[in-house]
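Reading the structure
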Amino acid sequence: MSSESELTWEKVYEAVNNAVYQKFGEYMKDSEVEVLQGCWEGKTYPKIAVRGNYSSSYIGRNIGPDLWKKLTEALGEKVSKTNCREALKRASLKSKQQIAATEIEFPEGVVPLESGFYVERSPIELNCYQEILQPGALLRIKAPQKMGKTSLLNRIIARAKDQNYRTVILNLREPDRSRFSNLDKFLRWFCACVSKKLGIATQLNNNWDEDLGGNVNCTTYFELHLLEEIESPLVLALDEVDRVFDYPEIYQDFFGLLRSWYEEAKNLPIWEKLRLVVAYSTEYELNINQSPFNVGFPVELNDFAVEQVESLAQLHKLDLGSHGVNQLMTIVGGNPYLIRLALYHLAADNLTLEKLLEDAPTDAGIYRDRLLCHLEALQQNLDLAKAFQKVINSTEGTLIETFTKRKLYRMGLIEERGDRVFPRCELYRQYFSDRLSSLLAEI
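It should be emphasised that the depicted structure is a prediction, and the values quoted were computed from it without experimental measurement. Per-chain numbering applies: the sequence of each chain, read as written, is numbered from 1 onward. Since the coordinates come from a predicted model, pLDDT governs what is reported: local features require at least 70, and pairs of side-chain atoms require 80 or more to be given and counted, while whole-chain, interface and lining totals use all residues. Heavy atoms throughout the structure, all of them, feed into the side-chain values; hydrogens and water do not.

One finds Phe388, Leu427 and Phe432 to be the most contacted residues of the largest nonpolar core, which totals 50 residues. Among the elements of the structure, α11 (306-315), α12 (321-332), α13 (336-348), α14 (353-359), α15 (368-379), α16 (382-392), α17 (402-411) and α18 (426-441) are those that each provide at least two residues to this core. Only buried residues count toward a nonpolar core, which is a set of Ala, Val, Leu, Ile, Met, Phe, Trp, Tyr and Cys residues joined through side-chain atoms within 4.5 Å. With a 1.4 Å probe rolled over the protein chains alone, any residue whose accessible area is under 20% of its type maximum counts as buried; one over 50% counts as exposed, and the rest are partly exposed. Counting 49 residues, the second-largest nonpolar core is a separate cluster that includes Val168, Trp208, Tyr251 and Leu276. Going along the chain from the N terminus, every DSSP run of H or I of four or more residues is numbered as a helix, and every run of E of two or more is numbered as a strand.

Below, the structure written as structure tokens:
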């Protein structure tokens, strides 16, 4: 077991607070932390009361009993004031052993549900879990590529399954282009997929009247053939909905349809069963009364904070220190994918941080494949390349056309600060500066 000198209150608090969050979905209250820290330090209730400005009786009758009950459930052993110090030691050791036993994962694609490398961006997850319980809910998860939208979406679905809800996930990058040739064909595909995933026989031919139009038929099909057939709520998660924006003949009507379902839940009880979750990078201009992107519960995934990067480094069994973490984040910011890829190679390849950062903005670095993918996309769209060159050449941010800005944001190359845009991280500025100059000089 760790020595007393190694086992600080800070380490104990982190382990115990995480255990409480995993059990109850919320962290300890400030008053509980004060009492727990006082007991860890060997103080009596009267002394803790003086420091926390509580009455001793209030701690003894209210805060204390509730705290020990909570910790007993969270830690899986009986915890009381008299044995709390030893119980907290065991919890801290168990947490340390779990971290040590975690196998390093290569950061590719969705973070599995059982993974120890998923980083919660509290209180986002808890808010989403609570919101999906609301009748007729609509959750909107917005972030550029490689920011964790699908990983969060899968966890929302898992939580819905825990509530015995029916669930369906559709990735709109999966269907072939022919499904988007017209609205009617797309909506028939949409209904057929949901039916199949629910295990309900597809009866489109019997429930589709060409004279009524696609949106009315789709709504009727959901209402009479799907929602009527199930007793529990249905969580319908749509991933990569940006793809629909590539088809002007479809997106206005389809997104208007989703908005109408959200509004129907306010009037018809049967539509309260439907809970929508949409994951996307950016939205286009839509009629304000038809857009699903200005209603419901918004969730925007941001970069990792320093504390989250430090926690990830620990999971990778790395001791970067504050200076090392700051060096890494100076180059890649808090981009989840770029951070995880760096930590993986530092841990798996015995690579030094200095060498990693030196090679990062070159074709010899660990980000080569990702950077070349972006470069190829810019080579295929010279207007986009010109706009991004303007962004990386500006030190004070710049203004660019809205449509172009959305594309660059979707790719994860820029961030917005007010009306101005900047490179999302220094890595992109360094890598693309000379390459875009050479590319555009050849035109």
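One open sheet accounts for five strands, arranged β2-β3-β4-β1-β5; its pairing is parallel. Bordering the open sheet on either side are β2 (166-171) and β5 (297-300), each of which pairs with just one other strand. Neighbour-to-neighbour, the strand axes of this sheet turn through a mean angle of 15°, independent of strand direction. Think of it this way: DSSP has to see at least two bridges between two strands before they count as a pair. Bridge analysis of strand β3 (residues 234-239) against strand β4 (residues 274-280) gives five bridges, and the strand direction is parallel. Fitted lines through C-alpha atoms give the axes, limited to the stretch in contact for helices. The angle between two N-to-C directions lies from 0 to 180 degrees.

Turning our eyes to something else, we now look at the pattern of salt bridges. Whenever a carboxyl oxygen of Asp or Glu lies within 4 Å of a side-chain nitrogen of Lys or Arg, that contact is scored as a salt bridge. In this structure the tally under the stated criterion is 17 salt bridges. The salt bridge partner of Asp303 is Arg424, with a shortest N-O separation of 3.5 Å. Within this pair, whereas Asp303 is found in the loop between β5 and α11, its partner Arg424 is found in the loop between β7 (420-423) and α18, the two being separated by 121 residues in sequence. Its relative accessible area of 25% is what places Asp303 among the partly exposed residues.

Between Ser122 and Pro123 the backbone carries a cis peptide bond, its omega angle lying at 10°. Relative to the elements of secondary structure, Pro123 occurs in the loop between α5 (84-101) and α6 (124-131). Its identity as a non-glycine residue notwithstanding, Asn164 has a phi of 65°, on the positive side. Following the sequence through the fold, Asn164 ends up in the loop between α7 (149-162) and β2. The phi torsion at Glu240 lies on the positive side, around 55°, for a residue other than glycine. Along the chain, the position of Glu240 falls in the loop between β3 and α10 (248-264).

Counting buried positions over the ten residues of α17 gives seven, a clear majority of the element. Along α17, the residues that are buried comprise Thr404, Lys405, Arg406, Leu408, Tyr409, Arg410 and Met411. Structurally, α17 contributes buried residues whose contacts are with β1 (138-142), β5, α15, α16, β6 (414-417) and β7. Any pair of N or O atoms that falls within 3.5 Å is considered a polar contact. Within protein, one atom must be able to donate a hydrogen and the other to accept it, and sequence-neighbouring residues count only if both atoms are side-chain atoms. Regarding α17, its N-cap is Glu401, as a side-chain oxygen of that residue lies 2.8 Å from the backbone nitrogen of Phe403 further along. The contact rule is simple, with two residues in contact once any of their heavy atoms fall within 4.5 Å.

Moving on, we come to the environment of Pro269. By the element assignment, Pro269 lies in the loop between α10 and β4. Residue Pro269 is classed as exposed on the basis of its relative accessible area of 63%. The sequence separation of Pro269 and Ala87 amounts to 182 residues, and the corresponding C-alpha distance is 49 Å.

Next up on the list: the confidence of the model for the chain. Confidence scores here are pLDDT values: one per residue, from the predictor, ranging 0 to 100. When pLDDT is averaged along the chain, the result is 91; 97% of the residues meet or exceed 70. The weakest mean pLDDT in the chain belongs to α5 at 75; the strongest belongs to β3 at 98. Here residues 1-5 is modelled with pLDDT under 50, and outside its nearest four sequence neighbours on either side it reaches four contacts, counting other chains as well.

The geometry of a pair of packed helices is captured by two quantities: the angle between their axes and the separation between those axes. Packing of α16 against α17 brings their axes to within 10 Å, and their N-to-C directions diverge by 80°. Looking at the two axes, α16 sits roughly perpendicular to α17. Packed against α16, whose contacting residues are Leu384, Ala387 and Phe388, the element α17 presents Thr404, Lys407, Leu408 and Met411 at the interface. Residues are grouped as follows: nonpolar covers Ala, Val, Leu, Ile, Met, Phe, Trp, Tyr, Cys and Pro; charged covers Asp, Glu, Lys and Arg; every other residue, Gly included, is treated as polar. Among the residues making up the contact of α16 with α17, the classes are represented as five nonpolar, one polar and one charged. Note on terminology: angles under 35 degrees are roughly parallel, angles over 145 are roughly antiparallel, angles of 65 to 115 are roughly perpendicular, and the others are oblique.

So, on to the packing of aromatic side chains. Any two of the Phe, Tyr and Trp rings considered here, Trp counted by its six-membered ring, make a pair once their centres fall within 6.5 Å; the pair's planes then place it as stacked at under 30 degrees, edge-to-face at over 60, or tilted in between. Across all of its chains, the model carries 23 aromatic pairs by this definition. Each ring, one from Phe254 and one from Phe255, has its centre 5.5 Å from the other, and the planes form 55°; the classification is tilted. Its relative accessible area of 0% is what places Phe254 among the buried residues. If you follow Arg155 out to its NZ or CZ, it ends over the ring of Tyr118, 3.8 Å from the centre. Any Lys NZ or Arg CZ found within 6 Å of a ring centre and within 35 degrees of that ring's normal is scored as a charge over the ring.

For the rest of this paragraph, the subject is α12. Expected helix span is taken as 1.5 Å per residue step, with the number of steps being one fewer than the number of residues. When the terminal C-alpha atoms of α12 are compared, their 17 Å separation across twelve residues agrees well with the 16 Å that a helix rising 1.5 Å per residue should span. Along α12, the residues classified as buried are Gly324, Val325, Leu328, Met329, Ile331 and Val332. Within α12, the buried residues cover an arc of 160° as seen down the axis, which keeps them to one side. Relative to its buried face, α12 has exposed residues pointing more than 90 degrees away, namely His323 and Thr330. This arc is taken over the directions from the axis of the helix to the C-beta atoms.

Closest axis-to-axis distance for the α6/α7 pair is 10 Å, and the angle between their directions is 45°. With respect to their mutual orientation, α6 and α7 come out oblique. For α6 against α7, the interelement crossing comes out right-handed. Here α6 contributes Ile124, Glu125, Cys128 and Tyr129 to the contact with α7, which in turn contributes Leu152, Arg155, Ile156 and Arg159. For a crossing to be left-handed, the near helix must be turned anticlockwise from the far one by less than a right angle; the clockwise case is right-handed.

Turning our attention to the pairing of β3. Most of β3 is tucked away, with six of its six residues classed as buried. Bridge count between β2 and β3: six bridges; the pairing is parallel. Its bridge partner being in β3, Val168 is matched across the sheet by Leu236. Taken together, β3, α10 and β4 constitute a β-α-β crossover, and its handedness is right-handed. Here is how to tell: hold the view so the strands point away, follow the path from the first strand over the helix to the second, and if it runs clockwise the crossover is right-handed.

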